[in-house]
Amino acid sequence: MKELAFVVLAGGKSQRMGQDKTCMKLGLLPEPFCQEHAYLARCRDIAVIRNLNFLWQSLWRVSGLLPKLPFAEQKIYLSCRADQKEFYEAHIAACQELAPDSLAPLDYILDEGNGVCDALTACLEHLHKAIFCLPCDAPFITENNILTLIDIWQNSADEEILQYTYVDPVNGRKETLISLYTMDAKAAFCEAMEKKIRVQNSISDKHCVTIPFSGNLRKELFNINTSEDINKINML
């Protein structure tokens, strides 16, 4: 049986946003989003949801999936820089006080802060199994978005495939941070770091299975990188 671990990537510096995205409140997002999460999280007080942050939302989304995936490790790994660990521990503890028992067990994988390839390499070296990685700035991603990629990976016997992800058919850009990577992807990331290749180009198309955006995917996979992106949400 194939094995899988979930990783939430939180090692970025949020330079385009101008503040730490992980700690931005869900109350910044449209009211229907908060209402839906209050229902799904079985939380009677929507004010609690508004005061939880983007990082909690990413961890919560995975926490709800784990019991449905017996082949997946029943914990979540948070990928970040060593200097961020204490900061995140405090913020996650604060979220747990607002929404007790809402998150699966959590562990940390630390890297040196040299970019996404460095973070993904550290995760694959630590876990020795396939990983599904998620960013902390895509709050609209759905359970189905995740399960679709996992199902394709589970049913694939092609050992040359290193990445399963979504792609924008307009510009050909792959969703690097919303991807399932096999163990063998580590060599590609190491080579990319050595040759200073961007993570977007670290895995060639012939080693990647992609699903083109269609329907609601453009909104569901939307990354919030700048304050202007928050204003774009209702237009998607």
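Notes on the structure in this doc start here.

Parameters at a glance
- Residues numbered from 1 in each chain as written.
- Predicted model: local features only at pLDDT ≥ 70, side-chain atom pairs only at ≥ 80, totals over all residues.
- Heavy atoms only, no water.
- Helix = DSSP H or I, 4+ residues; strand = E, 2+ residues; numbered from the N terminus.
- Contact = heavy atoms within 4.5 Å.
- Areas by Shrake-Rupley, 256 points an atom, 1.4 Å probe, with all protein chains shown as cover.
- Pairing = 2+ DSSP bridges.
- Axes fitted to C-alpha atoms, helices over the stretch in contact; angles between N-to-C directions.
- Salt bridge = Lys/Arg side-chain N within 4 Å of Asp/Glu carboxyl O.
- Buried < 20%, exposed > 50% of the residue type's maximum accessible area, 1.4 Å probe, protein only.
- Arc of directions from axis to C-beta.
- Patch = residues over 30% accessible without salt bridge, like charges linked within 9 Å, V, L, I, M, F, W, Y side chains within 5 Å.
- Lys, Arg positive; Asp, Glu negative; His and termini not counted.
- Charge placed at Lys NZ, Arg CZ, Asp CG, Glu CD.
- Expected span 1.5 Å × (residues − 1).
- Phe/Tyr/Trp six-rings, centres within 6.5 Å; stacked < 30°, edge-to-face > 60°.
- Lys NZ or Arg CZ within 6 Å of the ring centre and 35° of its normal.

## Brief notes about the overall build of the chain
Here is step 1 of the chain: Helix and strand content of the chain: nine helices and seven strands.
Here is step 2 of the chain: For the chain, the proportion of contacts with a sequence separation of at least 24, taken over those separated by at least 6, is 72%.
Here is step 3 of the chain: Summed over all atoms, the accessible surface of the chain reaches about 11,900 Å², with 49% contributed by carbon and sulfur.

## A look at the sheet that holds strand 3 (residues 106–111)
Here is step 1 of the chain: Spatially, 3-2-1-4-6-5-7 is the arrangement adopted by the seven strands of the open sheet, whose pairing is mixed. The sheet is open, and its two edges are formed by strand 3 and strand 7 (208–212), each paired on a single side. Ignoring which end each strand starts from, the neighbouring axes of this sheet average 30 degrees apart.
Here is step 2 of the chain: Here five bridges tie strand 5 (residues 163–167) to strand 7, and the two strands are oriented parallel to one another. Looking at strand 7, one finds that V167 is bridged to P212.
Here is step 3 of the chain: Strands strand 2 (72–81) and strand 3 of the sheet are contacted by helix 4 (residues 85–98), whose axis makes an angle of about 155 degrees with strand 3.
Here is step 4 of the chain: Along the sheet, helix 6 (residues 143–154) contacts strand 1 (4–9), strand 4 (130–135), strand 5, strand 6 (174–181) and strand 7; its crossing angle with strand 5, the most-contacted strand, is approximately 135 degrees.

## What about the pattern of salt bridges?
Opposite charge on two side chains makes pairing possible when the charged atoms of those side chains draw close.
Here is step 1 of the chain: Overall, the coordinates contain eight salt bridges when judged by the stated rule.
Here is step 2 of the chain: Its salt-bridge partner being E73, residue K129 comes within 3.1 Å of it at the nearest N-O pair. Of the two residues, K129 sits in the loop between helix 5 (116–127) and strand 4 while E73 sits in strand 2, which places them 56 residues apart along the sequence.
Here is step 3 of the chain: By relative accessible area, K129 is classed as buried at 13%.

## Description of the side chain of K174
Here is step 1 of the chain: Tracing the sequence through the fold places K174 in strand 6.
Here is step 2 of the chain: If we skip the residues at most four places from it in the chain, K174 touches Q163, T165, Y166, V167, Q200, I203, S204, D205, C208 and T210.

## Points about helix 7 (residues 185–195)
Because each turn of an α-helix spans 3.6 residues, side chains separated by three or four positions in sequence point in the same direction.
Here is step 1 of the chain: When we look at burial in helix 7, the residues that qualify are A185, A188, F189 and A192. Down the axis, helix 7 shows its buried residues gathered within 95 degrees of arc, on one side only. Helix 7 presents A187 and E194 as exposed residues on the side facing more than 90 degrees away from its buried surface.
Here is step 2 of the chain: Elements in contact with the buried residues of helix 7: helix 5 and strand 6.
Here is step 3 of the chain: Two residues or fewer past helix 7, K196 is found with a positive phi of approximately 60 degrees.

## Digging into unusual backbone geometry
Here is step 1 of the chain: At D101, a residue that is not glycine, the phi angle is positive and equals roughly 60 degrees.
Here is step 2 of the chain: Structurally, the position occupied by D101 is in the loop between helix 4 and strand 3.
Here is step 3 of the chain: Take D101: its relative accessible area is 79%, and that puts it in the exposed class.

## Examining the pairing of strand 6
Here is step 1 of the chain: For strand 6, the buried fraction is high: seven of the eight residues fall into the buried class.
Here is step 2 of the chain: Summarising the sheet, strand 4 and strand 6 pair through three bridges and their orientation is antiparallel. Its bridge partner being in strand 6, F132 is matched across the sheet by L180.
Here is step 3 of the chain: The pairing of strand 5 with strand 6 spans four bridges and is classified as antiparallel. By the bridge assignment for strand 6, Q163 is matched with Y181.

## So, a negative patch on the surface
Here is step 1 of the chain: Taken together, the side chains of D158, E159, E160 and D184 make up a negatively charged region of the molecular surface.
Here is step 2 of the chain: If you trace the backbone, D158 turns up in the loop between helix 6 and strand 5.

## What to know about helix 6
Here is step 1 of the chain: Over its twelve residues, helix 6 runs 16 Å from end to end, which matches the ideal 16 Å to within 8%, given 1.5 Å per residue.
Here is step 2 of the chain: Those residues of helix 6 lying buried are N145, I146, L149, I150 and W153. One side of helix 6 holds all its buried residues, which, seen down the axis, span an arc of 125 degrees.

## Focus: the packing of aromatic side chains
Here is step 1 of the chain: One pass over the full model with this rule turns up five aromatic pairs.
Here is step 2 of the chain: Centroid distance F87 to Y88: 5.7 Å. Interplanar angle 55 degrees. Geometry classified as tilted.
Here is step 3 of the chain: Residue class for Y88 comes out buried when judged on its relative accessible area of 1%.
Here is step 4 of the chain: When the centroid spacing of 5.1 Å and the interplanar angle of 75 degrees are considered together, the rings of Y181 and F189 count as edge-to-face.
Here is step 5 of the chain: Positioned above the aromatic ring of Y108, the side-chain terminus of K85 is 5.0 Å from the ring centre.
Here is step 6 of the chain: Its guanidinium or amino end placed over the ring of F140, K219 lies 5.4 Å from that ring's centre, counting from NZ or CZ.

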